[in-house]
Number of protein chains: 2
Amino acid sequence: MSQRNTRVPERADEQEACTLLEVISRVSGKWSIVVLLETARRPMRFTELERAIHGISRRMLTLTLRQLERDGFLVRTVHPTVPPRVEYAATDMARELHAHLSGLTEWAERHRDTVAAARAAFDEAAAAR
Amino acid sequence: MSQRNTRVPERADEQEACTLLEVISRVSGKWSIVVLLETARRPMRFTELERAIHGISRRMLTLTLRQLERDGFLVRTVHPTVPPRVEYAATDMARELHAHLSGLTEWAERHRDTVAAARAAFDEAAAAR
DNA sequence: CTGTATCCGGTGGGATACTG
DNA sequence: CAGTATCCCACCGGATACAG
C-alpha cells in the first residue's frame, strides 16, 4: 500500500531488509490482510466482501482489491450478467503467502503478553521520569 | 426454519487479520526491519547504526529505536562513560521474529518475477483501456 | 451491483538546528 | 556521542456523492 517505503539498497546487507520491506509493504495496508484471508477460503463477490469486512469503506475495498489484483494475489472475474457479478479469487501465490503469514500470527500470539509487558514497563519508566 | 443462508461474520478471520496487522504494524515502518537486522547480528551503538544504515535521518533512527525498545525487541544499555556510550541489542524474541521474517524473504525472492510480471500485465491492460 | 470522483484530516517521515 | 525540537509536506484512509 505504502509506496513511500520503497528505496534502493545501497549496501549488500540491506538487500534482505529491502526485499522484506517490499513484501510487507504489499500487505501492510489497513485492509489488505483481511481481504486476503477472506478470499483465500473461496472466491468472493464485491458486496459479499463489503458485508464480511466490518468497517471497510467502498473506496478502500476497491483500492485494496485493485492493488492485490495488480500484484497477482487476486484474479478478478466479471460475469456478463445483469446486474454485473464480479468475483475475486485468491491465486496459489497468495495462498502460499498466507501460509507464511500464519507463522507470523502464531509468533504474535505466543509473544503477545511479552510485548504488552514490555510496553507497560517502558511507558511506566517514561512516566516516572 | 432452515437457516442455511444466514451468514455469520467470520470472527475468526477478522481476529487473525487483526493479530497479523498488529505485528506487521510494528515492523512496517520504513526503517524498522533494517534496524532489526543490523542489531540482530551484534549490539550496535547509535552512531554505528547511523553509519551502517544509509539514508536514515537522526530523527527517524531515534524514533525507530524507541519504538523497537518499547515493544521489547531491543534492549538499550547506557555505559556511564564520557563521552556516553549507548548500545542497542536485539532480544531473543526479536531474533525469533527475524527467523519468521526470513521465511517471508524466501517467499518474496521465489515470487519476485511473478509479481513483477503480474504488475506489468495489469499496468499494460490499464493503459490499453 | 460494482464501482469512481472529490474533499479532507491525521500521520509518517525528511531536513536541520540545538543540547547535555 | 547521542540524542531533542521544530517545521514541513506527501500520502493514506474516511465520508460522501455520483455513475454505468
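Residues numbered from 1 in each chain as written. Chains lettered and ligands numbered in written order. Predicted model: local features only at pLDDT ≥ 70, side-chain atom pairs only at ≥ 80, totals over all residues. Heavy atoms only, no water.

- Going by the annotation in an unreviewed UniProt entry, the name recorded for chain A is Helix-turn-helix domain-containing protein, with Streptomyces johnsoniae given as the source organism.

## Some remarks on the relation of the copies chain A and chain B
So, point 1. Of the two same-sequence chains, chain A is brought onto chain B (RMSD 0.1 Å, axial shift 0.0 Å) by a rotation of 180°. Put plainly, the chains are arranged around a two-fold axis. When C-alpha distances to the rotation axis are compared across chain A, the minimum falls at A:S28, with a value of 3.3 Å.
So, point 2. Take the interface residues of chain A: 92% of them recur as interface residues in chain B, which is what a same-surface contact looks like. (Least-squares fit on C-alpha atoms with pLDDT ≥ 70 in both. Contact = heavy atoms within 4.5 Å.)

## Description of the pairing of strand β2 (residues 74–79) of chain A
So, point 1. Bridging between β2(A) and strand β3 (residues 85–90) of chain A involves six bridges; their strand directions are antiparallel. Looking across to β3(A), one finds that A:L74 is bridged to A:A90. (Pairing = 2+ DSSP bridges. Helix = DSSP H or I, 4+ residues; strand = E, 2+ residues; numbered from the N terminus.)

## Quick notes on the protein's contact with DNA strand D
So, point 1. Of all residues adjacent to DNA strand D, which total 21 residues, the nearest are A:K30, A:R59, B:T47, B:R76 and B:Y88.
So, point 2. Sugar plus phosphate, as a fraction of atoms of DNA strand D within 4 Å of the protein: 60%.
So, point 3. Interatomic distance of 3.2 Å between a side-chain N/O atom of A:W31 and a phosphate oxygen of DNA strand D.
So, point 4. Looking at which element gives the most residues to the surface near DNA strand D, the answer is helix α4 (residues 58–70) of chain B, with four residues.
So, point 5. When grouped by side-chain class, the residues that make up the surface near DNA strand D number nine nonpolar, four polar and eight charged. (Near = heavy atom within 4 Å. Polar contact = N/O pair within 3.5 Å; in protein donor to acceptor, adjacent residues only side chain to side chain. Nonpolar A, V, L, I, M, F, W, Y, C, P; charged D, E, K, R; others polar.)

## Focus on the sheet that holds strand β2 (residues 74–79) of chain B
Residue and element names in this part refer to chain B.
So, point 1. Judged by pairing direction, the sheet is antiparallel, and its three strands sit side by side in the order β1-β3-β2 without closing on themselves. Two strands lie at the open edges of the sheet, namely β1 (44–45) and β2, each paired on one side alone.
So, point 2. Its contacts with the sheet place α4 against β2 and β3 (85–90), and it is angled at close to 115° to β2. (Axes fitted to C-alpha atoms, helices over the stretch in contact; angles between N-to-C directions.)

## Observations regarding the sheet that holds β2(A)
Residue and element names in this part refer to chain A.
So, point 1. The antiparallel open sheet is built from three strands, whose spatial order is β1-β3-β2. Either end of the sheet is taken by a strand with one partner, and the two such strands are β1 (44–45) and β2.
So, point 2. Sheet strands touched by helix α2 (residues 32–41): β1, β2 and β3. Its angle to β3, the strand with the most contacts, is close to 95°.

## Overview of the protein's contact with DNA strand C
So, point 1. The full set close to DNA strand C counts 20 residues, and A:T47, A:R58, A:R76, A:Y88 and B:R59 are the nearest of them.
So, point 2. When atoms of DNA strand C within 4 Å of the protein are sorted by moiety, sugar and phosphate together comprise 61%.
So, point 3. At a separation of 3.2 Å, a phosphate oxygen of DNA strand C approaches a polar backbone atom of A:V86.
So, point 4. In this structure, a phosphate oxygen belonging to DNA strand C sits 3.2 Å away from a side-chain N or O atom of B:W31.
So, point 5. If you list the elements that add at least two residues to the surface near DNA strand C, you get α3 (46–52), α4 (58–70) and β3 of chain A together with α4 of chain B.
So, point 6. A per-element tally of the surface near DNA strand C places α4(A) first, with four residues.
So, point 7. Residue composition of the surface near DNA strand C, grouped by class: seven nonpolar, four polar and nine charged.

## Observations regarding helix α1 (residues 11–27) of chain B
So, point 1. Between its first and last C-alpha, α1(B) extends 25 Å over 17 residues, near the 24 Å set by a 1.5 Å rise per residue.
So, point 2. Those residues of α1(B) that fall on the buried side of the exposure criterion are B:D13, B:E16, B:A17, B:T19, B:L20, B:V23, B:I24, B:R26 and B:V27.
So, point 3. Tucked inside the fold, the buried residues of α1(B) contact α1 (15–27), α2 and α5 (92–128) of chain A together with α2 (32–41), α4 and α5 (92–128) of chain B. (Expected span 1.5 Å × (residues − 1). Buried < 20%, exposed > 50% of the residue type's maximum accessible area, 1.4 Å probe, protein only.)

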